[in-house]
Amino acid sequence: MLAAVGVASFYLTPRGEAPARPELLQPRSAVAALRGSRIFFNPNARIFLLESQSDFLTPPDRDDRSERTLAFARASQNPQLWRTLDRREHFDSVLLCGDPAFYRALLQHLADSADWKLTFLDHTSFVFQRAPAAAWSPEQLKAVRKRLAALPPRQRADLLVQTANKLLSVKERAAAKNALDEALGLDQKSPAAWATLALYQLQLQKLADGLAATEKALALDKTFAPALEIKTQVLLAQRRAGEAFETSRTLVETAPKDANALRLHARAAHEARAFTSEISTLEKLIPMLQATGQSVSACRVYLGQAHAEKGEAAPALAQFGQALAADDLDPAQRKFVEETSARIKQRSGL
């Protein structure tokens, strides 16, 4: 959820502090932890590899428009596509760098997989290796903290927050809380630290505490997108749909091209029965997901439901039909869509 777009922007130097050493901001340790010759990497990792470790890359990897580069980028957000690639390439290691929001589905897939092990984690990256492999342990963070110890306080806090964000992405909550406590002890004015603390509280279902943490983040930066996202999630969990919708509206105004923001806004709009907003949001989201090779069938189901709620039978049936034709709904979803379509046809005479 933290806004790190590429390897070069893992970290923004706080005003008045000298830049941290590049080796602390780049995934050098993660690359050193890779094993084997067949490596999968996400687009953020590719940026670093192009600049510093080009021996890991094939000629097609170096071509921004090659079929392989595009396939790797799409598979970073689509576990099914990734599995197709893995059957062909039989990867030895997976390197995922930067903000987990850009590869969350693949990260969760690998973390839950019996045939892959998380073997490295720091503020920049995850490394997974094909099983059998020695699993990563939070004890290994001692080496990371040692590398960060000489940094000025705000820089160290920023990298600790990034570490905590990654830990929460793989449900290592105790280690994440330790990193956040240390970060806030160094910098109480970090909106990222408060937003990540809110995410920790949300995972524990401590909703009041989570909401309070988002408010502290937004008091420091009222348009801080991660805090707006987590605040929306907390409000939805508290069944405060109207407030969640208004918060998510601010979120998409702040991050209009963020697929996660649009997805959350559509959900909030649905809960608030703001079906016109839900429809327009899903119509923006679907082509964004299609561009990265992701399934849009679930979005089409939600879009069909929103049209149905407005009494718009023809567009509802059109969306349901496209969802069924894609053949990637699970049995329960398929049954729901078929039964809902039948009711709409009966009532509308279509």
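Above this text sits the structure in question.
Rules and cut-offs
- Residues numbered from 1 in each chain as written.
- Predicted model: local features only at pLDDT ≥ 70, side-chain atom pairs only at ≥ 80, totals over all residues.
- Heavy atoms only, no water.
- Helix = DSSP H or I, 4+ residues; strand = E, 2+ residues; numbered from the N terminus.
- Buried < 20%, exposed > 50% of the residue type's maximum accessible area, 1.4 Å probe, protein only.
- Contact = heavy atoms within 4.5 Å.
- Areas by Shrake-Rupley, 256 points an atom, 1.4 Å probe, with all protein chains shown as cover.
- Salt bridge = Lys/Arg side-chain N within 4 Å of Asp/Glu carboxyl O.
- 1 Å grid on protein atoms, 1.4 Å probe; cavity = no way out; pocket = protein on both sides within 12 Å on 5 of 7 lines; lining within 4 Å.
- Points joined across faces, edges and corners; volume = space filled by probe spheres on them.
- Nonpolar A, V, L, I, M, F, W, Y, C, P; charged D, E, K, R; others polar.
- Pairing = 2+ DSSP bridges.
- Expected span 1.5 Å × (residues − 1).
- Phe/Tyr/Trp six-rings, centres within 6.5 Å; stacked < 30°, edge-to-face > 60°.
- Axes fitted to C-alpha atoms, helices over the stretch in contact; angles between N-to-C directions.

1. Considerations on the overall build of the chain
When helices and strands are tallied, the chain shows 19 helices and four strands. Projected onto the principal axes, the alpha-carbon positions of the chain cover approximately 70 × 50 × 35 Å. With 350 residues in all, the chain has 51% of them scored as buried. Long-range contacts, defined as pairs at least 24 residues apart, comprise 59% of the intrachain contacts of the chain with a sequence gap of at least 6. Split by element, the accessible area of the chain, about 16600 Å² in all, is 52% carbon and sulfur.

2. Details of unusual backbone geometry
Following Ala 131, the chain continues to Pro 132 via a peptide bond in cis, the omega torsion being 0°. If you trace the backbone, Pro 132 turns up in the loop between strand 4 (125-130) and helix 8 (141-148). Positive phi is not limited to glycine here, since Gln 205 has a value of about 65°. Here Gln 205 is to be found in the loop between helix 11 (191-203) and helix 12 (207-220). According to the relative accessible area criterion, Gln 205 is exposed, its value standing at 53%. If you check the backbone angles, Asp 327 has positive phi at about 60° while not being a glycine.

3. Describing the pattern of salt bridges
Taken as a whole and judged by the stated rule, the model has 18 salt bridges. Close ionic contact of Lys 231 with Glu 215 constitutes a salt bridge, the shortest N to O distance being 3.0 Å. One end of the pair, Lys 231, is in helix 13 (residues 225-237); the other, Glu 215, is in helix 12, with 16 residues separating them in the sequence. A salt bridge links Glu 243 to Arg 240; the nearest nitrogen and oxygen atoms lie 2.9 Å apart. Judged by relative accessible area, Glu 243 falls into the partly exposed class, the value being 40%.

4. Structural notes on the layout of surface pockets
What the largest pocket holds in volume is close to 1100 Å³. Along the walls of the largest pocket sit 37 residues, with Ala 101, Arg 104, Ala 105, Asn 260 and Arg 263 positioned nearest its centre. Residue assignment for the lining of the largest pocket shows that the elements contributing at least two residues are helix 6 (79-89), helix 7 (104-112), helix 9 (153-169), helix 11, helix 13, helix 15 (259-271) and helix 16 (275-291). Residues of the lining of the largest pocket, tallied by class, amount to 15 nonpolar, 14 polar and eight charged.

5. Some points on the pairing of strand 2 (residues 93-97)
A regular strand places its side chains on the two faces of the sheet in alternate fashion. For strand 2, the buried fraction is high: five of the five residues fall into the buried class. Neither face of strand 2 is open: one carries Ser 93, Leu 95 and Cys 97, the other Val 94 and Leu 96, and all of them are buried. Where strand 1 (residues 39-41) lies against strand 2, three bridges are found, and the strand directions are parallel. Bridging across to strand 2, Phe 41 finds its partner in Leu 95.

6. Topic: helix 11
End to end, helix 11 covers 18 Å across 13 residues, agreeing with the expected 18 Å (1.5 Å per residue, within 8%). The buried fraction of helix 11 is high, at twelve of 13 residues. Within the sequence span of helix 11, burial applies to Pro 191, Ala 192, Ala 193, Trp 194, Ala 195, Thr 196, Leu 197, Ala 198, Leu 199, Tyr 200, Gln 201 and Leu 202. Considering only its buried residues, helix 11 is in contact with helix 9, helix 10 (173-186), helix 12 and helix 13.

7. Looking at the packing of aromatic side chains
According to the stated counting rule, one finds eight aromatic pairs in the structure shown. Each ring, one from Phe 40 and one from Phe 91, has its centre 5.4 Å from the other, and the planes form 65°; the classification is edge-to-face. Taken together, the positions of Phe 40 in strand 1 and Phe 91 in the loop between helix 6 and strand 2 put the pair 51 residues apart, joining distant regions of the chain. By relative accessible area, Phe 91 is classed as buried at 1%. Their ring planes at 85° and their centres at 6.3 Å tell us that Tyr 103 and Phe 126 sit as a pair that is edge-to-face. Of the two residues, Tyr 103 is situated in the loop between strand 2 and helix 7 and Phe 126 in strand 4; the sequence distance between them amounts to 23 residues. The residues Tyr 103 and Phe 126 share a single accessibility class, namely buried.

8. Topic: the sheet that holds strand 4
Paired through backbone hydrogen bonds, the strands of a sheet run either parallel or antiparallel to each other. As summarised here, the arrangement of the four strands in space is 1-2-4-3, forming an open sheet in which the pairing is mixed. Looking along the sheet, the strands with just one partner apiece sit at the ends: strand 1 and strand 3 (116-121). Strand-to-strand twist in this sheet, taken as the mean axis angle between neighbours without regard to direction, amounts to 20°. In the sheet, strand 3 pairs with strand 4 via five bridges, with the strands oriented antiparallel. Bridging across to strand 4, Phe 120 finds its partner in Val 127. Here helix 6 sits on the sheet and contacts strand 1, strand 2, strand 3 and strand 4; the angle it forms with strand 3, its principal contact strand, is near 100°.

These results come straight from atomic positions and should not be treated as a statement about function.
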